[in-house]
Amino acid sequence: MARRTKEEAQQTRCHIMSTALDLFCSHGLNRTSLTDIANAAKLTRGAIYWHFKNKEELFFSLWQELCQPLSRQLNACIAEQEPDPLGNLRGFLKELLTKITHDQAHQQMFTILFNLESLERESTSLREHICNHSGHFFRDLETSLANAVRQRQLPDTLDLQRAATLLHCTLDGYILNWLHFPERIDLIKEADYLLDSIFAMLQLANGPATKLQ
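Residues numbered from 1 in each chain as written. Predicted model: local features only at pLDDT ≥ 70, side-chain atom pairs only at ≥ 80, totals over all residues. Heavy atoms only, no water.

In the structure shown here, the tally under the stated rule is four aromatic pairs. For the pair phenylalanine 110 and phenylalanine 114, a centre-to-centre distance of 6.3 Å together with 50° between the ring planes defines the contact as tilted. Here phenylalanine 114 and phenylalanine 110 lie together in helix α8 (residues 104–114), a separation of four residues that amounts to about one turn. According to the relative accessible area criterion, phenylalanine 114 is partly exposed, its value standing at 23%. Grouped by ring-pair contacts, the aromatic residues Phe24, Phe59 and Trp63 constitute a single cluster. The lysine or arginine in question, arginine 184, covers the ring of phenylalanine 181, its NZ or CZ lying 4.1 Å from the ring centre. (Phe/Tyr/Trp six-rings, centres within 6.5 Å; stacked < 30°, edge-to-face > 60°. Helix = DSSP H or I, 4+ residues; strand = E, 2+ residues; numbered from the N terminus. Buried < 20%, exposed > 50% of the residue type's maximum accessible area, 1.4 Å probe, protein only. Lys NZ or Arg CZ within 6 Å of the ring centre and 35° of its normal.)

For the rest of this paragraph, the subject is the UniProt feature "domain: HTH tetR-type" (unreviewed entry) in the chain. Taken from the UniProt record, the annotation "domain: HTH tetR-type" (unreviewed entry) applies to residues 10–70. For the annotated span residues 10–70, helix accounts for 79% and strand for 0% of the residues, and the straight-line distance between the end C-alpha atoms is 23 Å. (UniProt positions renumbered as here; feature names shortened; annotations may be inferred.)

Entries for the chain in the domain assignment read domain 1 (1–53) and domain 2 (54–204). A straight line from the C-alpha centre of domain 1 to that of domain 2 covers 28 Å. On the domain 2 side, the residues contacting the 16 residues of domain 1 number 19 residues. Summing both partners gives a buried area of about 1700 Å² for domain 1 against domain 2, and 70% of it is carried by carbon and sulfur. Linking domain 1 with domain 2 are zero salt bridges. Put simply, domain 1 and domain 2 have six residue pairs in polar contact (both at pLDDT 80 or more) between them. Broken down by secondary-structure element, the contributors of at least two residues to the side of domain 1 that touches domain 2 are α1 (2–27) and α2 (34–41). Tallying contributions element by element places α1 first for the side of domain 1 that touches domain 2, with eight residues. Among the residues forming the side of domain 1 that touches domain 2, the class breakdown is ten nonpolar, three polar and three charged. (Domains from an automatic or database assignment. Contact = heavy atoms within 4.5 Å. Buried area = accessible area lost by both parts, 1.4 Å probe. Salt bridge = Lys/Arg side-chain N within 4 Å of Asp/Glu carboxyl O. Polar contact = N/O pair within 3.5 Å; in protein donor to acceptor, adjacent residues only side chain to side chain. Nonpolar A, V, L, I, M, F, W, Y, C, P; charged D, E, K, R; others polar.)

Turning our eyes to something else, we now look at the packing of helix α4 (residues 55–66) against α8. Where α4 meets α8, the closest approach of the two axes is 11 Å, and the angle between their N-to-C directions is 125°. By the criterion of interaxial angle, the relationship of α4 to α8 is oblique. Here α4 and α8 pass one another in a crossing that is left-handed. Facing Phe59, Leu62, Trp63 and Leu66 of α4, the residues of α8 in contact are Ala105, His106, Met109, Ile112 and Leu113. (Axes fitted to C-alpha atoms, helices over the stretch in contact; angles between N-to-C directions. Parallel < 35°, antiparallel > 145°, perpendicular 65-115°, else oblique. Left-handed = near helix turned anticlockwise from the far one by under 90°.)

The backbone phi angle of lysine 42 is positive, close to 60°, even though this residue is not glycine. Checked against the element boundaries, lysine 42 lands in the loop between α2 and α3 (45–51). Despite not being glycine, arginine 152 has its phi angle at roughly 60°, a positive value. Structurally, arginine 152 can be placed in the loop between α9 (124–150) and α10 (160–180). You can call arginine 152 exposed: its relative accessible area is 76%.

Following this line, the structure appears as structure tokens:
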């Protein structure tokens with residue numbers, strides 16, 4: 001009986017998280033309260049508080065479930081001894097695009113992250129959490145590219161910060177356009193073209209730009 005109760009508690013927790021993700025995506029973090037989540041999930045506020053002490057903890061749990069597994073896939077790219085950091089980085093980015101395309105929960109999370117204006121009135125801890133992880137991801141991109149330079153997969157004149165920015169912004173632009181205009185872009189069909197194009201640009205990249213005379 002105790003085992004069944006534990007399983008039911010886990011099912012309730014998953015139901016709360018799924019409901020919260022739906023509301024965060026459709027109404028925004030700022031405009032969604034735990035009461036809204038309880039009503040939508042057809043649960044009492046007490047049931048919500050039994051699992052999560054506040055909205056921040058609920059969002060952190062969603063982040064841990066959806067984003068951290070993807071981030072851990074970058075470990076091979078940032079390891080100094082990795083012989084193929086560029087290949088691993090490409091594989092990671094292809095998996096990221098596949099997840100976003102086929103998994104609704106990942107689509108919803110990225111929709112939330114792209115609506116950063118909804119965080120203006122949110123708690124400091126929530127905003128700092130997202131900003132810190134975003135900064136960490138960017139640094140991992142830089143490290144991955146630096147390892148690729150060390151393995152002679154990219155030119156040693158590569159400006160790492162500029163290259164990481166190009167990579168990050170181009171991917172974000174494609175994902176954002178796909179989220180808003182899915183009829184315009186077949187994200188998974190275009191994934192190989194997109195990644196091949198970005199990596200080809202990096203192969204041709206030089207150091208800091210100089211002004212034309």
